[in-house]
There are 2 protein chains.
Amino acid sequence: MLNHSPSLDLMFAALADGSRRSMVDRLSRGPATVKQLAEPLVMSLPAVLQHLRVLEESGLVRSAKSGRVRTCHLEPAALNAAEQWIADRRAEWLSRLDRLGDYLETPELDSEGDQS
Amino acid sequence: MLNHSPSLDLMFAALADGSRRSMVDRLSRGPATVKQLAEPLVMSLPAVLQHLRVLEESGLVRSAKSGRVRTCHLEPAALNAAEQWIADRRAEWLSRLDRLGDYLETPELDSEGDQS
């Protein structure tokens, strides 16, 4: 059941932090090295690496090391899973609203009497 | 800056738990009393109320008490804000992919020589 999905737990928890959202935002514009990710953030490199670890464990970000440089990129499929969970609930809510609208627009035959 | 939004912090943190997602899922199908929300969850009423408090503090859910019954409903605008943040990052990622595709399809004039 998608409501009890450890991966959704990790993804939403990963997104529940402004610094990590900044990193995801940066990576949505293309791959970046850890140094590039760290530049706009006012924090130590170990702190950046810790945030990166949380993002990687959630599946939202992947990284690979080439020589001494680690390059990170976004995993859009994971981002899509988180977005889809919310979108499905909003769609359900809106569809209920539509049904409620249809119901309220139905002529009240009982109160208007029988025309036969 | 939306990446550093305390309300997004709270919303994503609220969604990072399966029981709370179950409650949001239930409320997407219409308002529910606390008792109705608690029914499918294997936990004590105080635990349910604690999860409800987290959802209310995030703005995703509102509740009102009438007599002894507290009824909860979803706040779709808040759900939309969380969804939109993710959707914007995915859109940015996809638009970069499109630009990259256009670039790769551009004829390489330099390597094909000057035809004048």
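Residues numbered from 1 in each chain as written. Chains lettered and ligands numbered in written order. Predicted model: local features only at pLDDT ≥ 70, side-chain atom pairs only at ≥ 80, totals over all residues. Heavy atoms only, no water.

Peer 1: Kindly report on the overall build of chain A, identifying the contributing residues and their values.
Peer 2: Of the regular secondary structure elements, chain A holds six helices and three strands. Computed over its C-alpha atoms, the radius of gyration of chain A comes to 23 Å, more than 25% above the 13 Å expected for a compact globule of 116 residues. Its C-alpha atoms give chain A principal-axis dimensions of about 85 × 30 × 20 Å. Of the contacts made within chain A by residues no fewer than 6 positions apart, 51% connect residues no fewer than 24 positions apart. (Helix = DSSP H or I, 4+ residues; strand = E, 2+ residues; numbered from the N terminus. Rg over C-alpha atoms; globule rule 2.2 N^0.38 Å. Contact = heavy atoms within 4.5 Å.)

Peer 1: I'd like a description of the relation of the copies chain A and chain B, backed by residues and values.
Peer 2: To go from the first copy of the chain to the second, apply a rotation about an axis and then a shift along the same axis. It takes a turn of 180° to lay chain A on chain B, together with a shift of 0.0 Å along the axis; the resulting RMSD is 0.0 Å. Overall, the copies show the geometry of a two-fold rotation axis. Most of the interface of chain A is mirrored in chain B, where 100% of its interface residues again form contacts. (Least-squares fit on C-alpha atoms with pLDDT ≥ 70 in both.)

Peer 1: Go over the interface of chain A and chain B, please, and point to the residues and values.
Peer 2: The interface of chain A with chain B comprises 37 residues on the first partner and 37 residues on the second. Both sides of the chain A and chain B interface together cover about 3300 Å² of buried area, and 62% of this is carbon and sulfur. Taken together, the links from chain A to chain B amount to six salt bridges. Put simply, glutamate 83 of chain A and arginine 90 of chain B hold a salt bridge, and the shortest N to O gap is 2.7 Å. Applying the counting rule to chain A against chain B returns twelve residue pairs in polar contact (both at pLDDT 80 or more). Mapped by element, the contributors of at least two residues to the side of chain A that touches chain B are helix 1 (6-15), helix 2 (18-28) and helix 5 (76-105) of chain A. Tallying contributions element by element places helix 5 of chain A first for the side of chain A that touches chain B, with 13 residues. (Buried area = accessible area lost by both parts, 1.4 Å probe. Salt bridge = Lys/Arg side-chain N within 4 Å of Asp/Glu carboxyl O. Polar contact = N/O pair within 3.5 Å; in protein donor to acceptor, adjacent residues only side chain to side chain.)

Peer 1: Kindly report on the nonpolar core, identifying the contributing residues and their values.
Peer 2: Ranked by size, the top nonpolar core spans 54 residues in total, and within it Phe12, Leu60 and Ile86 of chain A together with Phe12, Leu60 and Ile86 of chain B carry the most contacts. Leave out the neighbours within four places in its chain, and leucine 60 of chain A touches Met11, Ala14, Leu15, Leu55, His73, Leu74, Glu75, Ala78 and Leu79 of chain A. (Core = buried A, V, L, I, M, F, W, Y, C linked by side-chain atoms within 4.5 Å. Buried < 20%, exposed > 50% of the residue type's maximum accessible area, 1.4 Å probe, protein only.)

Peer 1: Outline the environment of lysine 35 of chain B, supporting the account with residue identities and numerical values.
Peer 2: Here lysine 35 of chain B lies in helix 3 (residues 34-38). Put simply, lysine 35 of chain B and histidine 51 of chain B are 16 residues apart on the chain and 13 Å apart in space, counted from C-alpha to C-alpha.

Peer 1: Can you break down the sheet that holds strand 2 (residues 61-66) of chain A residue by residue, with the values?
Peer 2: Residues and elements named next belong to chain A. Overall, antiparallel pairing links the three strands, which are arranged 1-3-2 in an open sheet. The strands lining the two open edges of the sheet, one partner per strand, are strand 1 (32-33) and strand 2. Pairing geometry for strand 1 and strand 3 (residues 69-74), over two bridges, is antiparallel. Along strand 3, the bridge assignment pairs alanine 32 with cysteine 72. (Pairing = 2+ DSSP bridges.)

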